[in-house]
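# Structure at a glance
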Amino acid sequence: MLTKRIIPCLDIKDGRTVKGVNFEQIRDAGDPIELGALYASQGADELVFLDITATVEKRKTLSELVNKIAHRINIPFTVGGGIKTEEDVRILLQNGADKISINTAAFMDPSTISRFAKNFGSQCVVLAIDAKCEADNHWYVYLNGGRTKTDKLVTDWAKEAVDLGVGEILLTSMNHDGTKQGFALDITAELAENLPVPIIASGGGGTEAHFLDVFTKGKADAALAASIFHYKEVAIPDLKQYLFNKGIPIRL
Amino acid sequence: MNVTIIQYNAGNIQSVLYALERIGVTAVVTDDAAMIQAADKVIFPGVGEASTAMSYLKARNLDQLIVTLKQPVLGICLGMQLMCQHSAENDTPCLGIFEEQVLSFKAKEASTKIPQIGWNTISNLKTDLFKGIPENSFTYFVHGYYAGIGENTISTTNYIQEYSSALNKNNFYGVQFHPEKSAKVGEQIIQNFLEIKS
């Protein structure tokens, strides 16, 4: 049976992991390769590396980092941050990334999605959506790392993007992100039940029970989190054993 | 040992190369017929679309070369599918090594995810390719088309229905999953392939 995926996310700035980490086993807590390798050995199903500098001059640093990650990591990984052109994608894939994640650039020019899907295959095109539930009780798409509101509904944008060829959707709830109060179950389920691509839920995971909820009530195909893994608030092996015991299909 | 990866317009060549490096094997990536024929082991990778890949192989006569190889050959993902008789992906005649046909996953409901993306189990394991691999081990899959079950099936997986997750005929092996991305299990399968005698 196809299993639900647990995906740690590493934020990268200038080639280093940004958020502090707290692992004795790691010689250099700022080294994303070490941290990624540790998570892979603990049973992470995939990894996401998000480059939050993503300026043109730093792109070379990123491709070199991706190359080092690909040499070391024996599970799939996605790279995101500032990807705009086919050349950006080609460099990352040639250096060993399995998938790339796009966000603002895809919204500004949706043909980006169809071009990437045609040239590299839908399976390696992940659309990241930063979503916020407004006072009118509707979920809207935000851009530029959550700084810019749009008038587009998340459900509309997700459907449009699937029709253009994205292979997966990484949905982050801005309302829930950082709260550790649980994932956004309603919007996650709405996308998961109506779209033919996997939905990766992100934002709000704080306890093992939150992950159980996002897979059962939220119908998510995968769940992503960052700091709770970095700070060892939730350990990946414990989380996966817990979910397995609750009857969720999980790779142990 | 001389391990050669067939170079064509496939997406995962680098990943296969790095996976081999992690187990201490340096492979050559080439589309040169003489070098491929001289190899001890040949890996035929593949992420992409069937008709485009077959056209590319034909334009370089690699289609005729692959079927005549005598050493162990391992097709991965699209590579395995191209070794079957025919693919439903753009109605593409394939290399015809394995007896099986490649069909398209059909969604049962709006929430059925196609392609299959993620970790699934491999079962009913046969041949030395799976030596030491426990039944129902997890491997990583990304695919929208699948090979049916037939006489060449050496592993089965269930997604929407039961299908072949690995095939074998004579010196030819194929796996639908990505051993190069399947953690320790994948590394063992690659190691097993490298140990298969010619």
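Residues numbered from 1 in each chain as written. Chains lettered and ligands numbered in written order. Predicted model: local features only at pLDDT ≥ 70, side-chain atom pairs only at ≥ 80, totals over all residues. Heavy atoms only, no water.

### Concerning the overall build of chain A
- Of regular secondary structure, chain A possesses 10 helices and 11 strands.
- Rg of the C-alpha trace for chain A: 17 Å, near the compact-globule value of 18 Å for 252 residues, within the 12% margin.
- In terms of overall dimensions, chain A has C-alpha extents of about 45 × 40 × 35 Å along its principal axes.
- Contacts in chain A between residues at least 24 apart in sequence constitute 64% of all its contacts with a sequence separation of at least 6.
- Carbon and sulfur atoms form 49% of the exposed surface of chain A, whose accessible area is close to 10,100 Å².
- For chain A, the separation between the mean place of its 28 positive charges and that of its 33 negative charges on side chains is 3 Å. (Helix = DSSP H or I, 4+ residues; strand = E, 2+ residues; numbered from the N terminus. Rg over C-alpha atoms; globule rule 2.2 N^0.38 Å. Contact = heavy atoms within 4.5 Å. Areas by Shrake-Rupley, 256 points an atom, 1.4 Å probe, with all protein chains shown as cover. Lys, Arg positive; Asp, Glu negative; His and termini not counted. Charge placed at Lys NZ, Arg CZ, Asp CG, Glu CD.)

### What to know about the overall build of chain B
- Counting its regular elements, chain B contains 6 helices and 13 strands.
- A compact globule built from 198 residues would reach a C-alpha radius of gyration of about 16 Å, and chain B, at 15 Å, matches this within 12%.
- Projected onto its principal axes, the C-alpha coordinates of chain B cover approximately 50 × 40 × 30 Å.
- Scored against the burial criterion, the 198 residues of chain B give a buried share of 60%.
- Excluding contacts between residues fewer than 6 apart, the proportion of contacts in chain B whose partners are at least 24 apart in sequence is 69%.
- Surface accessibility of chain B: about 7,500 Å² in total, with carbon and sulfur atoms responsible for 48%.
- Side chains of chain B carry 14 positive and 18 negative charges; the gap between the two charge centres is 3 Å. (Buried < 20%, exposed > 50% of the residue type's maximum accessible area, 1.4 Å probe, protein only.)

### Things to note about the confidence of the model for chain B
- Residues with a pLDDT of 70 or more make up 100% of chain B, whose mean pLDDT is 95.
- If you check the scores for this complex, the pTM reads 0.94 and the ipTM reads 0.92. (pLDDT = per-residue confidence, 0-100.)

### Here we look at the interface of chain A and chain B
- The interface is formed by 35 residues belonging to chain A together with 28 residues belonging to chain B.
- Surface buried jointly by chain A and chain B totals about 2,400 Å² across both partners, of which 55% is contributed by carbon and sulfur atoms.
- Of all residues in chain A, L2, H71 and N74 of chain A give up the largest surface area on contact with chain B, accounting jointly for 28% of the area buried on that side.
- Across the pair D221 of chain A and K113 of chain B runs a salt bridge, and its minimum N-O distance is 3.9 Å. (Buried area = accessible area lost by both parts, 1.4 Å probe. Salt bridge = Lys/Arg side-chain N within 4 Å of Asp/Glu carboxyl O.)

### Thoughts on the nonpolar core
- Core analysis: the largest hydrophobic core is formed by 81 residues, its most contacted members being L127, I169, F211, F229 and L243 of chain A.
- Counting 62 residues, the second-largest nonpolar core is a separate cluster that includes V42, F130, F177 and I196 of chain B. (Core = buried A, V, L, I, M, F, W, Y, C linked by side-chain atoms within 4.5 Å.)

### Topic: unusual backbone geometry
Residues and elements named next belong to chain B.
- A cis amide bond, omega 5 degrees, links I114 with the succeeding residue P115.
- In this structure, I160 is a non-glycine residue whose phi angle is positive, near 65 degrees.
- For I160, the location among the structural elements is in the loop between β11 (153-159) and β12 (161-169).
- Judged by its relative accessible area of 22%, I160 falls in the partly exposed class.

### Re the layout of surface pockets
- Roughly 1,400 Å³ of internal volume is contained in the largest pocket.
- Lining the largest pocket are 49 residues, and of these F120, G121 and Q123 of chain A together with V47 and G48 of chain B lie nearest its centre.
- Contributions of two or more residues to the lining of the largest pocket are made by α3 (86-94) and α5 (111-120) of chain A together with α1 (13-22), α3 (50-59), α5 (78-82) and β9 (137-143) of chain B.
- Ranked by residue count, the leading element in the lining of the largest pocket is α5 of chain A, at 4 residues.
- As a volume, the second largest pocket reaches approximately 1,000 Å³.
- Mapped onto the lining of the second largest pocket, the elements with two or more residues apiece are β1 (5-13), β3 (47-51), β5 (99-102), α4 (104-108), β6 (125-133), β9 (168-173), β11 (222-225) and α9 (227-230) of chain A.
- Ranked by residues supplied to the lining of the second largest pocket, first place goes to β3 of chain A with 3 residues.
- A per-class count over the lining of the second largest pocket returns 16 nonpolar, 17 polar and 8 charged. (1 Å grid on protein atoms, 1.4 Å probe; cavity = no way out; pocket = protein on both sides within 12 Å on 5 of 7 lines; lining within 4 Å. Points joined across faces, edges and corners; volume = space filled by probe spheres on them. Nonpolar A, V, L, I, M, F, W, Y, C, P; charged D, E, K, R; others polar.)

### Some thoughts on helix α7 (residues 185-194) of chain A
- All of the buried residues in α7 of chain A are I187, T188, A189, L191 and A192 of chain A.
- Where α7 of chain A is buried, its residues meet β7 (139-143), α6 (154-164), β9, β10 (199-202) and α8 (208-216) of chain A.

### Remarks on the pairing of β9 of chain B
Residues and elements named next belong to chain B.
- For β9, a buried count of 7 out of 7 residues is recorded, marking the element as mostly surrounded by other parts of the structure.
- Examined bridge by bridge, strand β8 (residues 116-122) and β9 share 7 bridges and lie antiparallel to one another. Within β9, the residue paired with T121 across the bridge is F138. (Pairing = 2+ DSSP bridges.)

### Observations regarding the pattern of salt bridges
- On inspection of all chains with the given rule, the structure shows 20 salt bridges over all chains.
- The partner of D98 of chain A in a salt bridge is K181 of chain B, with the nearest N and O atoms 2.8 Å apart. Taken together, the positions of D98 of chain A in the loop between α3 and β5 and K181 of chain B in the loop between β13 (172-175) and α6 (183-195) put the pair across two chains.
- Since its relative accessible area comes to 4%, K181 of chain B is described here as buried.

### Structural notes on the environment of I43 of chain B
Residue and element names in this part refer to chain B.
- Counting through the fold element by element, I43 comes out in strand β3 (residues 41-44).
- For I43, a relative accessible area of 1% puts it in the buried group.
- Sequence-wise, I43 and V175 are 132 residues apart; in three dimensions their C-alpha atoms are separated by 11 Å.
- In this view, I43 contacts V3, T4, I5, I6, V16, L20, L74, I76 and F193; residues no more than four positions away in its chain are not counted.

### Here we look at the packing of aromatic side chains
- Under the definition given, this model contains 16 aromatic pairs over all chains.
- Where F183 of chain A meets F211 of chain A, the ring centres are 5.2 Å apart and the plane angle is 80 degrees; that geometry is what we call edge-to-face. Of this pair, F183 of chain A sits in the loop between β9 and α7 while F211 of chain A sits in helix α8, and the two are 28 residues apart along the sequence. Across this residue pair, the class does not change: F183 of chain A and F211 of chain A are buried.
- On the basis of an interplanar angle of 25 degrees and a centroid distance of 4.9 Å, the ring pair of F105 of chain B and Y146 of chain B is categorised as stacked. On the criterion of sequence distance, the pair formed by F105 of chain B in the loop between β7 (102-104) and β8 and Y146 of chain B in strand β10 (residues 145-147) is long-range, its members being 41 residues apart. Neither residue differs from the other here; F105 of chain B and Y146 of chain B are each classed as buried.
- Residue placement shows R251 of chain A over the ring face of W119 of chain B; its charged tip is 3.6 Å from the ring centre.
- Of note, R60 of chain B hangs over the ring of Y56 of chain B, and the distance from its end group to the ring centre comes to 3.5 Å. (Phe/Tyr/Trp six-rings, centres within 6.5 Å; stacked < 30°, edge-to-face > 60°. Lys NZ or Arg CZ within 6 Å of the ring centre and 35° of its normal.)

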